[in-house]
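# Observations on chain architecture
Listed below, chain by chain, are the residues.
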Amino acid sequence: MSKTSHRPGHHQRLTLRALAALLGYPGAELREALPAIVTVLHTERMLKPARLAEIAALARQLGAMDPFEAEGRYVDTFDRGRATSLHLFEHVHGDSRERGPALVDLGQTYERAGLVLQGEELPDHLPVVLEYASTQPDAAAREFLAEMAHILTAIFSALLQRESPYASVIAAVLELAGERVQAVPVAPEPEMDEAWAEPPAFDGCSTRGQARPDTPQPIHIVRKSPSSTTPVQGASL
């Protein structure tokens, strides 16, 4: 995201950007930047010492892991299943039609702030959201992030349930939003194979829950009166 203007009062600007970076794909560029990211967090001192220690441990772990292992863990954590998805509107709208207009509205929010979204990432991706928040005055950033606290809490809880060290990053975002960090019940997700499964061809339906060919199915017959072109309701079988 490119920035076209600067506003005063960004005491947590670099911290938000550091957290955004830590939630990004752990490629070579990010792994090389890990020491600088931790230094920024120590310098701005916006996080509680215990939280900062947790995030520093995550950074050390990412730096020490085999690159393929770190990247694979990231994909398993954030790209397989909705509970830990970093695309915030997935938690609200899923794959429904409402998500498209919501994405457009969020993109327009960025544009009104003089920002242009670059790359292929969607506006609701949490690292992008944090980048935007980092350009706003602290009070505005806190209010903006607090609006999505229920989503962040759900992601935090799912990560905590999986014992993922990334939970500390989400917890830090909640704290910067002035919100309490607490775990909530996590709804069970269907297995990946089940979630992506499509009904077999010619199985009598195109959507789960409809009747199969070997079960009675209601049909509605409409016929015309011999003396009129007006449809007459027929039988229901």
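Residues numbered from 1 in each chain as written. Predicted model: local features only at pLDDT ≥ 70, side-chain atom pairs only at ≥ 80, totals over all residues. Heavy atoms only, no water.

### Some details on the overall build of the chain
Looking only at helices and strands, the chain features eleven helices and four strands. Here the chain displays about 14000 Å² of accessible surface, and carbon together with sulfur accounts for 54% of that area. (Helix = DSSP H or I, 4+ residues; strand = E, 2+ residues; numbered from the N terminus. Areas by Shrake-Rupley, 256 points an atom, 1.4 Å probe, with all protein chains shown as cover.)

### Brief notes about helix α6 (residues 99-112)
Between the first and last C-alpha of α6 there are 20 Å, a value that for 14 residues agrees with the 20 Å anticipated at 1.5 Å per step. Along α6, the residues classified as buried are R99, A102, L103, L106, G107 and Y110. Angular distribution of buried residues about the axis of α6 spans 135°; they occupy a single face of the element. Exposed and facing more than 90 degrees away from the buried side of α6 are E111 and R112. Positive phi shows up at G114, right after α6, with a value of about 85°. (Expected span 1.5 Å × (residues − 1). Buried < 20%, exposed > 50% of the residue type's maximum accessible area, 1.4 Å probe, protein only. Arc of directions from axis to C-beta.)

### Structural notes on the nonpolar core
Grouped together as the largest cluster of nonpolar side chains are 57 residues, with contacts concentrated most on L23, L126, L130 and L145. When residues in this core are grouped by element, the largest group, eight residues, is from helix α10 (residues 167-176). Other than its neighbours up to four places away in sequence, L126 contacts L23, L86, L88, L152 and I170. (Core = buried A, V, L, I, M, F, W, Y, C linked by side-chain atoms within 4.5 Å. Contact = heavy atoms within 4.5 Å.)

### Section: the side chain of Q136
Structurally, the position occupied by Q136 is in the loop between α7 (126-134) and α8 (138-146). Side-chain polar atoms of Q136 contact the side chain of T135, separated by 2.8 Å. (Polar contact = N/O pair within 3.5 Å; in protein donor to acceptor, adjacent residues only side chain to side chain.)

### Some points on unusual backbone geometry
Its identity is not glycine, yet R45 carries a phi of approximately 55°, on the positive side. Relative to the elements of secondary structure, R45 occurs in the loop between α2 (28-44) and α3 (49-64). Phi is positive for E163, which is not a glycine, with a value near 60°. As for its position among the elements, E163 is in the loop between α9 (149-161) and α10.

### Description of the environment of M46
Within the fold, M46 resides in the loop between α2 and α3. The partly exposed category is assigned to M46, whose relative accessible area is 32%. Through-space distance from the C-alpha of M46 to that of H11 is 8.1 Å; in sequence the pair is 35 residues apart. Once residues lying within four places of it in the same chain are set aside, the contact partners of M46 are H11, Q12, T15, L41 and L176.

### Details of the confidence of the model for the chain
Overall, the prediction assigns the chain a mean pLDDT of 80, with 73% of residues at 70 or greater. Within the chain, strand β4 (residues 231-236) has the poorest average pLDDT of any element, 41, and α10 the best, 98. Counted against residues more than four places away or in other chains, residues 2-8, with its pLDDT under 50, gives 16 contacts. For residues 195-213, every residue scores under 50 in pLDDT, and the model assigns this stretch 17 contacts once sequence neighbours within four places are set aside. (pLDDT = per-residue confidence, 0-100.)

### Some thoughts on the pattern of salt bridges
Taken as a whole and judged by the stated rule, the model has six salt bridges. For R51, the salt bridge is made with E175, and the minimal N-O distance between the two is 2.8 Å. Placement of R51 in helix α3 and of E175 in helix α10 is noted, with a sequence separation of 124 residues between them. Linking R80 and D76 is a salt bridge whose minimum nitrogen-to-oxygen distance equals 2.9 Å. (Salt bridge = Lys/Arg side-chain N within 4 Å of Asp/Glu carboxyl O.)

### Describing the packing of aromatic side chains
The final tally for this structure, using the stated rule, is six aromatic pairs. Here F78 and Y166 contribute two aromatic rings whose centre-to-centre distance is 5.0 Å and whose plane-to-plane angle is 75°, an arrangement assigned as edge-to-face. In this pair, F78 is assigned in helix α4 (residues 67-78) and Y166 in the loop between α9 and α10, connecting sequence segments 88 residues apart. When sorted by exposure, F78 lands in the same class as Y166, which is buried. A network of ring pairs unites the aromatic residues Y25, Y74, F78 and Y166 as a single cluster. (Phe/Tyr/Trp six-rings, centres within 6.5 Å; stacked < 30°, edge-to-face > 60°.)

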